[in-house]
Amino acid sequence: MARSRLTPEREAELYGAVLDLLREVGYDALTMDAVAARTRSSKATLYRQWGSKPELVVRAMRHNKPVSLEQVDTGSLRGDFHALLAAGDDCRMERDSALMRGLFHAVHNNPDLHQALRELMIEPEISGLHTLLRRAVDRGEVAADNPAVKYVTHMLVGAFVAQQLIEDRSPDRSFLSSYIDAVVLPSLGA
């Protein structure tokens, strides 16, 4: 799909409108008509650029990320994790966490959304995390045969979910920083 017709500024504006609508009405009630009206564009343009509502929503979420995992390389695994946390702020993290909870709920009834989330967001994040971990192994910080390596994604997702469920609070940088230092890094022997 050619996206070249939109300037980066216009694309960012569209993504921002999609996320605003998502926060306002949720995934199921969000329509391409509403996005078109909010962004003063045609529905045909939206479909030509993104193909489907799930792809547009997930690309908007991905665009909203403050930093890509591949962009972070501080020279240490702990430094990389903490640099990722430093790139965001607690307010944004709370908003993004609420959006993700809503999308994960919507996934159960929307296989196309599930596929888009896996292909466009989850798999690239897992790939980026594997790059961070591979660099840590190459530097000798983590043993290549450490069984915890394959569970880091689960640990990190678990931190987001557990904080909300157990303490009825969205995870913040302070919690995630201490979680990384107390749980993730020790399990990796780093």
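Residues numbered from 1 in each chain as written. Predicted model: local features only at pLDDT ≥ 70, side-chain atom pairs only at ≥ 80, totals over all residues. Heavy atoms only, no water.

Q: Describe the environment of Leu132, naming the residues involved and giving the relevant values.
A: Along the chain, the position of Leu132 falls in helix H7 (residues 111-138). The exposure class of Leu132 is buried, given its relative accessible area of 0%. Between the C-alpha atom of Leu132 and that of Glu24, which follows or precedes it by 108 residues, the distance is 35 Å. Residues within four places of Leu132 in sequence aside, it is in contact with Leu69, Val72, Leu77, Asp80 and Leu84. (Helix = DSSP H or I, 4+ residues; strand = E, 2+ residues; numbered from the N terminus. Buried < 20%, exposed > 50% of the residue type's maximum accessible area, 1.4 Å probe, protein only. Contact = heavy atoms within 4.5 Å.)

Q: For the packing of aromatic side chains, give the residues involved together with the corresponding values.
A: What describes a pair of aromatic rings is the distance from one ring centre to the other and the angle between the planes of the rings. Per the stated rule, a full pass over the model turns up two aromatic pairs. The lysine or arginine in question, Lys53, covers the ring of Tyr27, its NZ or CZ lying 4.1 Å from the ring centre. (Phe/Tyr/Trp six-rings, centres within 6.5 Å; stacked < 30°, edge-to-face > 60°. Lys NZ or Arg CZ within 6 Å of the ring centre and 35° of its normal.)

Q: I'd love a proper account of a nonpolar patch on the surface, names of residues and values included.
A: Side chains of Val157, Phe160, Val161, Leu165 and Ile166 sit close together on the surface and give an oily, nonpolar patch of about 510 Å² of accessible area. Looking at where Val157 falls in the secondary structure, it is placed in helix H8 (residues 152-167). (Patch = residues over 30% accessible without salt bridge, like charges linked within 9 Å, V, L, I, M, F, W, Y side chains within 5 Å. Areas by Shrake-Rupley, 256 points an atom, 1.4 Å probe, with all protein chains shown as cover. Salt bridge = Lys/Arg side-chain N within 4 Å of Asp/Glu carboxyl O.)

Q: A description of the pattern of salt bridges should follow, citing residues and the corresponding values.
A: Taken as a whole and assessed by the stated rule, the structure comprises 16 salt bridges. Ionic pairing is found between Asp80 and Arg139, a salt bridge with its closest N-O pair at 4.0 Å. One end of the pair, Asp80, is in helix H5 (residues 77-86); the other, Arg139, is in the loop between H7 and H8, with 59 residues separating them in the sequence. Taking the relative accessible area as the measure of exposure, Asp80 reaches 0% and is therefore buried. The structure contains a network of salt bridges with shared partners spanning Asp73, Asp80, Arg135, Arg139 and Glu141.

Q: If you had to explain the side chain of Asn110 to someone new, which residues and values would you point to?
A: Note that Asn110 resides in the loop between helix H6 (90-107) and H7. Asn110 has contacts with Tyr27 and Asp28, leaving out every residue within four places of it along the chain.

Q: Describe unusual backbone geometry, with residues and values.
A: Of note, the phi angle at Arg40 is positive, near 55 degrees, even though the residue is not glycine. As for its placement among the helices and strands, Arg40 is situated in the loop between helix H2 (32-39) and helix H3 (43-50). By relative accessible area, which is 64% here, Arg40 ends up exposed.

Q: How would you summarise the environment of Arg134 if you had to cite specific residues and measurements?
A: By secondary structure assignment, the location of Arg134 is in helix H7. Between the C-alpha atom of Arg134 and that of Val149, which follows or precedes it by 15 residues, the distance is 9.5 Å.

Q: Before we move on, could you go through the packing of helix H4 (residues 53-63) against H7 and cite the residues and values that matter?
A: It is at 8 Å that the axes of H4 and H7 come closest, and there the two elements cross at 25 degrees. Regarding the angle of H4 to H7, the classification is roughly parallel. Here the hand of the crossing between H4 and H7 comes out right-handed. The residues of H7 that touch H4, namely those facing Pro54, Glu55, Val58, Arg59, Met61 and Arg62, are Asp112, Leu113, Ala116, Leu117, Leu120, Met121, Pro124 and Glu125. (Axes fitted to C-alpha atoms, helices over the stretch in contact; angles between N-to-C directions. Parallel < 35°, antiparallel > 145°, perpendicular 65-115°, else oblique. Left-handed = near helix turned anticlockwise from the far one by under 90°.)

Limitation: the analysis is restricted to geometry and does not speak to function.
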